[in-house]
Amino acid sequence: MVFPDEAAFQAYLQDVKEFLWQEIDPLVPQIEHDALIPFEQLRPKFRDHHLFDCLVPEAYGGLGLNTVQYAAVLKELAKIHGGIRAMLHVHNSSVHLIETGRPEQQARYLPAMATGDLLVCFGLTEPDSGSGLDSNCTAVRKGDAYILNGRKHLITNAREADLFAIFCFTSNPAQSPERQFSVLLVERGMPGFTITSMAHTMGCSGASHDLLTFDDIAVPVENVLGQEGMGPEQLLAFLEVSRVFIAVAALGTAERSLELSLAWAKQRVTFGKPIASRQAVQGYLAEMATDIYALRHMILDALRKYDAGQRIAAESSMCKLFGLEAVGRVTDKALLVHGGLGYLKSSRIEMLYRDARLNWLEEGTPTIHKLIIARALLQEEFETVGRDGELI
Ligand SMILES: Cc1cc2nc3c(=O)[nH]c(=O)nc-3n(C[C@H](O)[C@H](O)[C@H](O)COP(=O)(O)OP(=O)(O)OC[C@H]3O[C@@H](n4cnc5c(N)ncnc54)[C@H](O)[C@@H]3O)c2cc1C
């Protein structure tokens, strides 16, 4: 075992925190100014501090953290910088997707993902249709390859990634007219594959979120992740837990906003008294802390269930939905506590406020999560009352 006991894991977490606060935090103003994360400069440091291999199983050279342990790392990343958090989140969540591959695919990709030599991203969202089963991306079998056509956009890490897990409809007209939802592994540099930069984002600056165009790309048949037609279950396998990770990011942003607000409220004096002594400001702080407390415990419950092998479809969407609403409220109030100075680009609250807004969109809008939760309730897949004699 990489971490034989809790003390060893805590020592690792402490190392990550020291690295992030001592070496990454000072880079944040420059990253924000340039809207660019210097990935090649950071790649060896991220490797040294095990930020690429948190979720890679030990058998493939990773730390093999459970999701509760990983959440502690991800939360710290969100406190420091949303762009770096988004970049590492997509890579780390993609581990769960690649794990749905055949054994030889796992053996080929997971060790390189663990070292960060192979950065992976996933492509679901499209400019010309809705996400997932509404996909317009098609791949038709011709000999030993699938000929892939279509477009994906807003794909995080597209600038840096080497491997692109693309959700699309595959078909083999020689055998059947039916289409199957599948994942194809597209490699950078395949003929017919172009990556076009998109505009800078509101927050989570410096990561790339680009347009992918597939123009008659011949993707070898062995690059089907797992088996043809596994797309729907692969989507569930990684999004179900990845959406809780978005809630974890929301928690990190919210916690940092509260920490800064508490410090500022004690420091800022108006009419001869710190604003922390005013009931109205105390109200903001109390509401922020209440949202954070609720979110933290929802996440813990969902991830503990996941680590115990349970399905968490409803819990995952509840965490994501509550998380995006909570971080919205918390960053609104943090801005109010900071007053006009909070609105300046020099203020971290200004950055956290913008970072939080990406949580609203990543891996599904609120509408989608309400649909998933309602479906689970109506199909009685989620218990709406606590078990007898237990609070939860
Ligand atoms: C910075 C950034 C990074 C991203 N990274 C990735 C990535 O790495 N990979 C990836 O695949 N995607 C990525 N995305 C895309 C993101 O997941 C989507 O933007 C998000 O899921 C919303 O989809 P959409 O943009 O197509 O919005 P739309 O589908 O156009 O939705 C617009 C509005 O209409 C509503 N709506 C749409 N369809 C329906 C419906 N059927 N019923 C009711 N309401 C509906 C939505 O809820 C929303 O409010 C990223 C986005 C951003 C901004």
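The model shown is predicted, which means the values in this text are computed figures rather than measured ones.

### Quick word on the overall build of the chain
Now for step 1: Within the chain, the regular secondary structure consists of 11 helices and 9 strands.
Now for step 2: Since a compact globule built from 392 residues should have a radius of gyration of about 21 Å, the 22 Å found for the chain is in line with a globular shape.
Now for step 3: Dimensions of the chain along its principal axes, counting C-alpha atoms only, are 80 × 55 × 45 Å.
Now for step 4: Residue burial in the chain is summarised as follows: out of 392 residues, 52% are buried.
Now for step 5: Excluding contacts between residues fewer than 6 apart, the proportion of contacts in the chain whose partners are at least 24 apart in sequence is 74%.
Now for step 6: Entry remark: accessible area of the chain is about 17,700 Å², with carbon and sulfur atoms responsible for 56%.
Now for step 7: Each charge class in the chain can be summarised by its mean position, and for the 36 positive and 49 negative side chains these summaries are 7 Å apart.

### So, the site of the ligand
Now for step 1: Taken together, 15 residues lie around the ligand, and Leu124, Thr125, Leu154, Thr156 and Thr365 are the ones closest in.
Now for step 2: For the ligand, a nitrogen atom lies 2.6 Å from a polar atom in the side chain of threonine 125.
Now for step 3: Alone, the ligand offers 970 Å² of accessible surface; in the complex the protein occludes 60% of this.
Now for step 4: Of all the elements in the fold, those that place two or more residues in the shell around the ligand are strand E1 (120-123), strand E3 (145-156) and helix H10 (348-361).
Now for step 5: Residue contributions to the shell around the ligand peak at 3 residues, all from E3.
Now for step 6: Looking at the shell around the ligand residue by residue, the class counts come to 6 nonpolar, 8 polar and 1 charged.
Now for step 7: Split by domain, the shell around the ligand shows at least three residues from each of two domains, domain 2 (122-229) and domain 3 (232-378).

### Overview of the packing of helix H1 (residues 6-24) against helix H4 (residues 67-80)
Now for step 1: Running from N to C, H1 and H4 point in directions that differ by 10 degrees, and their axes come no closer than 10 Å. Between H1 and H4, the interaxial angle falls into the category roughly parallel. Together, Phe9, Tyr12, Leu13, Val16, Lys17, Leu20, Trp21 and Ile24 of H1 and Gln69, Ala72, Val73, Glu76, Leu77, Lys79 and Ile80 of H4 make up the contact between the two elements.
Now for step 2: Of the residues in the contact of H1 with H4, the class split is 11 nonpolar, 1 polar and 3 charged.

### Some remarks on H10
Note: α-helices contain 3.6 residues per turn, so residues at a spacing of three or four share the same orientation.
Now for step 1: Every buried residue of H10 is accounted for by Ile349, Glu350, Met351, Leu352, Arg354, Asp355, Ala356, Arg357 and Asn359.
Now for step 2: Buried residues along H10 sit against helix H2 (28-34), H4, helix H5 (82-98), helix H7 (231-267) and helix H9 (313-338).
Now for step 3: For H10, the capping residue at the N-terminal end is serine 347, with a side-chain oxygen 3.0 Å from the backbone nitrogen of isoleucine 349.
Now for step 4: Positive phi appears at glutamate 363, one or two residues downstream of H10, with a value of about 55 degrees.

### What about helix H6 (residues 103-115)?
Now for step 1: Spanning 13 residues, H6 covers 19 Å between terminal C-alpha atoms, matching the ideal 18 Å at 1.5 Å per step.
Now for step 2: Where H6 bends most, the angle comes to about 25 degrees, and this point is tyrosine 109, followed within four residues by the proline proline 111.
Now for step 3: The set of residues buried in H6 consists of Gln105, Gln106, Tyr109, Leu110, Met113 and Ala114.
Now for step 4: In the core, the buried residues of H6 are packed alongside H5, E1, strand E4 (163-171) and strand E5 (179-187).
Now for step 5: Backbone geometry just downstream of H6 places glycine 116 in the positive-phi region, at approximately 80 degrees.

### Concerning the pattern of salt bridges
Now for step 1: Under the criterion given, the structure shown has 24 salt bridges.
Now for step 2: The closest approach of N and O atoms between arginine 348 and aspartate 25, which form a salt bridge, is 2.7 Å. Linking arginine 348 in helix H10 with aspartate 25 in the loop between H1 and H2, this pair joins segments that are 323 residues apart in sequence.
Now for step 3: Take arginine 348: its relative accessible area is 23%, and that puts it in the partly exposed class.
Now for step 4: Taking relative accessible area as the criterion, aspartate 25 reaches 17% and is therefore assigned buried.
Now for step 5: We note a salt bridge from arginine 256 to glutamate 259, for which the minimum N-O separation is 3.5 Å. Of this pair, arginine 256 and glutamate 259 both sit in helix H7, 3 residues apart, which is roughly one turn of the helix.

### What to know about the packing of H7 against helix H8 (residues 279-307)
Now for step 1: At a closest axis distance of 9 Å, the pairing of H7 and H8 adopts a crossing angle of 155 degrees. One way to sum up the angle between H7 and H8 is to call them roughly antiparallel. For the pair H7 and H8, the crossing hand works out as left-handed.
Now for step 2: Taken together, the residues that form the contact of H7 with H8 break down as 22 nonpolar, 2 polar and 2 charged.

### Details of the domain arrangement of the chain
Now for step 1: Splitting the chain by domain gives domain 1 (6-118), domain 2 (122-229) and domain 3 (232-378).
Now for step 2: The gap between the C-alpha centroids of domain 1 and domain 3 is 21 Å.
Now for step 3: At the junction of the two partners, domain 1 supplies 24 residues and domain 3 supplies 29 residues.
Now for step 4: In total, domain 1 and domain 3 occlude about 2,100 Å² of area from one another, counting both sides; carbon and sulfur atoms represent 61% of this.
Now for step 5: A per-residue breakdown of the area domain 1 buries against domain 3 is headed by Thr67, Lys75 and Lys79, which together make up 24% of the total.

### Remarks on the pairing of E3
Now for step 1: Where strand E2 (residues 138-142) lies against E3, 5 bridges are found, and the strand directions are antiparallel. Bridge assignment links alanine 139 to a residue of E3, and that residue is leucine 148.
Now for step 2: Turn length for the E2-E3 hairpin, with the two strands adjacent in sequence and antiparallel, is 2 residues, and the turn residue glycine 143 shows positive phi of about 65 degrees.
Now for step 3: Bridging between E3 and strand E7 (residues 209-220) involves 9 bridges; their strand directions are antiparallel. The partner of leucine 148 across the bridge, within E7, is isoleucine 217.

What counts and what doesn't
Residues numbered from 1 in each chain as written. Predicted model: local features only at pLDDT ≥ 70, side-chain atom pairs only at ≥ 80, totals over all residues. Heavy atoms only, no water. Helix = DSSP H or I, 4+ residues; strand = E, 2+ residues; numbered from the N terminus. Rg over C-alpha atoms; globule rule 2.2 N^0.38 Å. Buried < 20%, exposed > 50% of the residue type's maximum accessible area, 1.4 Å probe, protein only. Contact = heavy atoms within 4.5 Å. Areas by Shrake-Rupley, 256 points an atom, 1.4 Å probe, with all protein chains shown as cover. Lys, Arg positive; Asp, Glu negative; His and termini not counted. Charge placed at Lys NZ, Arg CZ, Asp CG, Glu CD. Near = heavy atom within 4 Å. Polar contact = N/O pair within 3.5 Å; in protein donor to acceptor, adjacent residues only side chain to side chain. Nonpolar A, V, L, I, M, F, W, Y, C, P; charged D, E, K, R; others polar. Domains from an automatic or database assignment. Axes fitted to C-alpha atoms, helices over the stretch in contact; angles between N-to-C directions. Parallel < 35°, antiparallel > 145°, perpendicular 65-115°, else oblique. Expected span 1.5 Å × (residues − 1). Bend = angle between axes of the 7 residues up to and from the residue. Salt bridge = Lys/Arg side-chain N within 4 Å of Asp/Glu carboxyl O. Left-handed = near helix turned anticlockwise from the far one by under 90°. Buried area = accessible area lost by both parts, 1.4 Å probe. Pairing = 2+ DSSP bridges.

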